[in-house]
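Topology and contacts: notes
Listed below, chain by chain, are the residues.
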Amino acid sequence: MKLCIDAGGTYFRYELYENNQQIGAKSEKNEGVGICFWIENILQQYPKIQIIAVGYAGQVKDGIILASPNITIDKANIKSYFEQKYGVKFFIQNDLECAVLAEANFHKSPDICALYLGSGMGLGVISGGKLLQGFGGVATEIGHIPYKKSPFTCGCGRDNCIELFASGIGLLGFKKYLSLDANLTLEQLRVAQSSLYTQFEEALLYAVGTVITLFNPQILVLGGGIFASDSELFAIVSEKYANFTLLVSAKQVTIKKTQIQNAVLSGTRLLGV
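Anyway, here's the lowdown on the structure attached to this text. (Residues numbered from 1 in each chain as written. Predicted model: local features only at pLDDT ≥ 70, side-chain atom pairs only at ≥ 80, totals over all residues. Heavy atoms only, no water.)

1. Considering the layout of surface pockets
Counted only if it meets this: Cavity: a set of points on a 1 Å grid over the protein atoms alone where a 1.4 Å probe fits but cannot get out. Pocket: an open set with protein on both sides within 12 Å along at least five of seven lines, its lining residues, like those of a cavity, having an atom within 4 Å of a point. Grid points are joined across faces, edges and corners, and a volume is the space filled by probe spheres set on the points. Runs of E in the DSSP output that reach at least two residues are strands. Runs of H or I that reach at least four are helices, and both are numbered from the N terminus. Only Asp, Glu, Lys and Arg are considered charged, only Ala, Val, Leu, Ile, Met, Phe, Trp, Tyr, Cys and Pro nonpolar, and every remaining residue, Gly among them, polar.
By volume, the second largest pocket amounts to about 220 Å³. The wall of the second largest pocket is formed by Met1, Lys2, Cys4, Tyr17, Glu18, Asn19, Asn20, Gln50, Ile51, Arg269 and Val273. Contributing elements (two or more residues each) for the lining of the second largest pocket: strand S1 (2–7) and strand S2 (11–18). When the residues that make up the lining of the second largest pocket are grouped by side-chain class, the tally is five nonpolar, three polar and three charged.

2. Re the sheet that holds strand S7 (residues 89–94)
Short version of the rule: Paired strands, in this sense, are two strands between which DSSP finds at least two bridges. Note on geometry: axes are lines fitted to C-alpha atoms, helical ones only across the stretch in contact, with angles between N-to-C directions running from 0 to 180 degrees. The contact criterion used throughout is that any non-hydrogen atoms of two residues lie within 4.5 Å.
Read across the sheet, five strands follow the order S3-S2-S1-S4-S7 without closing on themselves; strand pairing throughout is mixed. Each edge of the open sheet is held by one strand with a lone partner, namely strand S3 (21–29) and S7. This sheet shows a mean twist of 15 degrees between the axes of neighbouring strands, independent of strand direction. With six bridges joining them, strand S4 (residues 51–56) and S7 adopt parallel strand pairing. Bridge pairing in S7 links isoleucine 52 to phenylalanine 90. Sheet strands touched by helix H1 (residues 35–45): S1, S2, S3, S4 and S7. Its angle to S1, the strand with the most contacts, is close to 150 degrees. Where helix H2 (residues 78–86) meets the sheet, its contacts fall on S4 and S7, and the angle it forms with S7 comes to roughly 165 degrees.

3. Examining empty space enclosed by the protein
This structure, assessed with the given rule, holds one cavity of 30 Å³ or more. Approximately 40 Å³ is the volume attributed to the largest cavity. Within the lining of the largest cavity, the residues separate by chemical class into three nonpolar, four polar and two charged.

4. Let's talk about the packing of helix H6 (residues 195–215) against helix H8 (residues 233–240)
Stated formally: Roughly parallel covers angles under 35 degrees, roughly antiparallel covers those over 145, roughly perpendicular covers 65 to 115, and oblique covers all other angles. Note on convention: near helix rotated counterclockwise from far helix by under a right angle means a left-handed crossing. Clockwise means right-handed.
One can describe the packing of H6 onto H8 by two numbers: an axis separation of 11 Å at closest approach and a directional angle of 55 degrees. Considering their axes alone, H6 and H8 lie oblique with respect to each other. In this structure, the crossing between H6 and H8 has a hand that is right-handed. Together, Tyr197, Phe200, Glu201, Leu204, Leu205 and Val208 of H6 and Leu233, Ile236, Val237 and Lys240 of H8 make up the contact between the two elements. For the contact of H6 with H8, the per-class residue count stands at eight nonpolar, no polar and two charged.

Structure follows, in structure tokens:
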């Protein structure tokens, strides 16, 4: 049995496979429990699990969770813990690294970026056929590049991260700060010509332009819950992104909306293969 997990800031999801056939799946709200505790509950239900592959919304290096702005860390050296205690093979990668592996496999591209908007803003990059991870495993953290001062603090500890201006958590933070209805959607803010929407769009386009300029991808895939729920956002980005990036890079890139239902989970299936 192989357990594939998408550990996000808002939801924990898993799919269970036996002989490459899916035999179970579940999605639960992330209520602040640690991922280690959550996995152990699944192992109690399915003791025959032999492989665990996790796409994790945080910074990971060599099986160790280094940081996680939106998930409680209850066991940092998670790979060693599970392999020693349960005798399983354990693989863990940043969630967007998993997503870009799936997108590269789907599009058959060796130069591809995946920018996803959900609770936070995440990026995965494959350049020249190789996953870009950096010296400490924390490269391509686009959501945490310095942007502007915010009236509240990011989960990473800073108050100027770009995902504070363009992400689900960022939107909620500004709605609270501005005393707006927390249930207002991005689309409703756009129709109302709200300055909060304008701020969100500008930050997103700045991030997209930065990604294209820095990594010069053949394909940039946009995904995540915000792009899935907003019917116009992808078209807006596609129309305006060139104003925020190096012109030659803008001409070379093709921007696509993800066609994979859950690219993080799809990517975890490729771990250990």
